[in-house]
Structures are given as C-alpha cells and as structure tokens.
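Listed below, chain by chain, are the residues.
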Amino acid sequence: MPELVVTALLAPSRLTLKLLRAFMWSLVFAAALVAAAVYGCMAFTHVLCRPRRGCCGRPRSTPPACLSDPTLGEHCFLTLKSSGLRLHYVSAGHGNGPLMLFLHGFPENWFSWRYQLWEFQSRFHVVAVDLRGYGSSDAPQDVDCYTMDLLMTDIQDVILGLGYSKCILVAHDWGALLAWNFSIYYPSLVERMVIVSAAPMSVYQDYSIRHIGQFFRSNYIFLFQLPWLPEKLLSMSDFQILKTTLTHRKRGIPHLTPNELEAFLYDFSQPGGLTGPLNYYRNLFRNFPLEPQELATPTLLLWGAKDTYFDQGLVGAISSRFVPGRLEAHILPGMGHWIPQSNPREMHEYMWAFLRDLLD
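It should be emphasised that the depicted structure is a prediction, and the values quoted were computed from it without experimental measurement.

About the thresholds
Residues numbered from 1 in each chain as written. Predicted model: local features only at pLDDT ≥ 70, side-chain atom pairs only at ≥ 80, totals over all residues. Heavy atoms only, no water. Helix = DSSP H or I, 4+ residues; strand = E, 2+ residues; numbered from the N terminus. Rg over C-alpha atoms; globule rule 2.2 N^0.38 Å. Contact = heavy atoms within 4.5 Å. Lys, Arg positive; Asp, Glu negative; His and termini not counted. Charge placed at Lys NZ, Arg CZ, Asp CG, Glu CD. Axes fitted to C-alpha atoms, helices over the stretch in contact; angles between N-to-C directions. Parallel < 35°, antiparallel > 145°, perpendicular 65-115°, else oblique. Left-handed = near helix turned anticlockwise from the far one by under 90°. Salt bridge = Lys/Arg side-chain N within 4 Å of Asp/Glu carboxyl O. Buried < 20%, exposed > 50% of the residue type's maximum accessible area, 1.4 Å probe, protein only.

Asker: Please clarify how the overall build of the protein chain should be interpreted in this entry.
Answerer: Summing up its helical and strand segments, the protein chain has 13 helices and eight strands in all. The C-alpha radius of gyration of the protein chain comes to 21 Å, within 12% of the 21 Å expected for a compact globule of 360 residues. Here the C-alpha coordinates of the protein chain stretch approximately 65 × 60 × 45 Å along the principal axes. Restricting to contacts in the protein chain with at least 6 residues of sequence separation, those with at least 24 account for 77%. Positive and negative side-chain charges in the protein chain, numbering 29 and 29 respectively, have mean positions lying 7 Å apart.

Asker: Would you explain the environment of Ala92 in this entry?
Answerer: Tracing the sequence through the fold places Ala92 in strand β2 (residues 86–92). Contact partners of Ala92, with chain neighbours within four places excluded, come to Leu72, Gly73, Gln121, Phe124, His125 and Val126.

Asker: Help me out: how do you make sense of the packing of helix α8 (residues 229–247) against helix α9 (residues 258–268) in this one?
Answerer: Where α8 contacts α9, the axes come no closer than 11 Å and their chain directions differ by 150°. Taken together, the axes of α8 and α9 lie roughly antiparallel to each other. Considering how the two elements wind past one another, α8 and α9 form a crossing that is right-handed. Across the interface between the two elements, Phe239, Leu242, Lys243, Leu246 and Thr247 from α8 touch Leu261, Phe264, Leu265 and Phe268 from α9.

Asker: What's the story with the pattern of salt bridges in this structure? I'm lost.
Answerer: Side-chain pairing between opposite charges can occur once the charged atoms of the two side chains come close. Tallied over the entire structure, the rule returns twelve salt bridges. Here Asp206 makes a salt bridge to Arg321, at a shortest N to O gap of 2.6 Å. Placement of the pair is Asp206 in helix α5 (residues 201–210) and Arg321 in the loop between α11 (314–319) and β8 (327–332), with a sequence separation of 115 residues. For the residue pair Asp206 and Arg321, the accessibility class agrees, reading buried in each case. As a salt-bridge pair, Arg282 and Glu231 come within 2.8 Å of each other at their nearest N and O atoms. You can see Arg282 sitting in the loop between α10 (275–281) and β7 (299–304) and its partner Glu231 sitting in helix α8, a full 51 residues away along the chain. Of the two residues, Arg282 and Glu231, neither departs from the other in class, the shared state being buried. Among the charged side chains, a network of salt bridges with common partners joins Arg58, Arg60, Asp238, Lys243 and Glu262.

See the structure below:
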C-alpha cells in the first residue's frame, strides 16, 4: 500500500491520540494547581506553627548512626554499564543463596529494607539499592534522566553487574512500579517477585479512570508534576510535610524512631536532594494512555487493608491481568502502606512460605 495512503488512513487515529493527550495534560495541570494550593496552605501553616524552623529545610551535616549499622551489610557502589552512573547499595549474605534485590519507594531509601536485610541474609544474597537520584547514588537533575526505560535498564545493569542472571525482586511503592514493568520487559531476569503496596501503571490508569476516589488518595502526584515548587513546599519548616508523611499516627510508620526518621531526611536535606526522586513522578504521564499488559511472573502481592494511598480494589484489578496460578495476593487487615517497616514479621512469614520451594 502506498505510504501516502497509509498516512491518510492513520491520520484520524493520530489526531485523536494527540487530542486525548492534550486533554489529559490539561486535566493534570489543573489538578496540579489545585494540589499546589492545598499543599501550599499546609506548608505555610507548618511555618506559622513552628516559626523557628523557618521556610527552608535544615541541611544535615552528618548522617545518623543507623545508616552505618554493620549488621545490615556492607556499603558498596556499582557503576552501571549502560549509563555510567554509580549506584550505592548495601549487601549481605553473599554466597548464601540466590540474589534477593530490594527496590524502595518514596520518600525512602535502602534503609527502608533494614528488617528484611536482617531476616533473609542467612539464605539469600540480599542487596538493597539506592535507586538513581536517591541517597548516595548518582542523581542527575534532568527530568529526562528518570524515564521508565532508563530506570528499568538500571535494574538490569544491577542484576548483571552483581554477577547474576536472575533474581528475586522485592519492591515497595515506587520500587514496585519499576518491578512490575521490569518483570514484563525483562522476564528472564526475574525468578519471583514480592510486591508491596503498588499496582502496575496500566492497572492504576484504568482503575483510576473508573474509580475517581483513587485520584484523591494519590493527589500528591499532581503536585509533583510542577517544576521547583514541590521541592520548596516539601522542605519548608524543616521538611515537616515529609516528617508528617512518615510519622503520622494513622498514615505513617508506627514506632519510627527519631534516628530512623533522620535516616530518610538526611539525603533529602542535601542540595538538590529532592529533585531526583520527584523527577520519577514528573515522568508518570509521559506514555499515557497505556495499553493493558498480561502479567506472568510468579508474584506474592501484599496489600494493607488500611493503605491510605491506594484503594483496596486495585488488588482485584491486578488479579484480572495475571496468568492464572501466577499470583498469590493477600490483603492484610489492620495494616497500612508501609508494611516492610510497620509489619515486618507478618511480611517475612508470607515471604518464607512463598520462597520455600526455591530453598529445598
């Protein structure tokens, strides 16, 4: 068929897609302005209530002692083959078994996996990375350095760079978004997955369109589409919004000590420390609309019944995309979003049972 005819036939579809994307971006930025107004009021309220803290975050000069706890593992750096970036990771149990790779969420770092590093290093080589932009890993400032394709390539480079051909991928929140995608595009590198509190982006997209309440649960993602303002608001009153996120009595991490809180705030307090992590969100809508994808990697999905950020109905939506028999899903009563830190004992029990046949 002549190229001109093909172009003419495809023109209506291309125009419709462009109009759909333009409409989507207009809604996103309208929501971003509303979110900016709401979070701006919150930030200025914190400043007024705690005037001594001022309008800026206090840079931490020394990391808290818990970040150098030797029982958690050895601190190492890996230069990635594809990008040349250096990623920081903590490793323990080398030679004890298969690679178990941990991917953290926001606003966290490798330290969010401290309980799992202790628990599984006797039978696995456990590795918790600081994703690009986080912690001691390299943090390019350009938004285009945080596309999904580049982030998945990072994971591939970590697995192969550590000398393995596959791994058990354990992920939470943003790390879980990466893990879902990685298992689709690099299935040979993932033997099993343990996912906590996150859905694949295509599932999240379709579910949110039908259940508008999910947009309100994760309203912060719209604020994070804006340049520079989110960094400013999150750092005001010495990072009070982040402190509240992590320590809130109902929505935060129970029993988080001041020292453990500082383990997360330390890196965000450094110059440019928030820009890399927020750039993940600034790429969320880049590929909208997403096509439905079949999920086939054997997966353990753990979901808190009291998760305030993601609706419980997403679990059913995820199940509908899976090849039968490949998903083991559990909705955990009384638990929230931060299961690896808030309920490690229960998480470990499910993980040992799910991985038992690999160790026999």
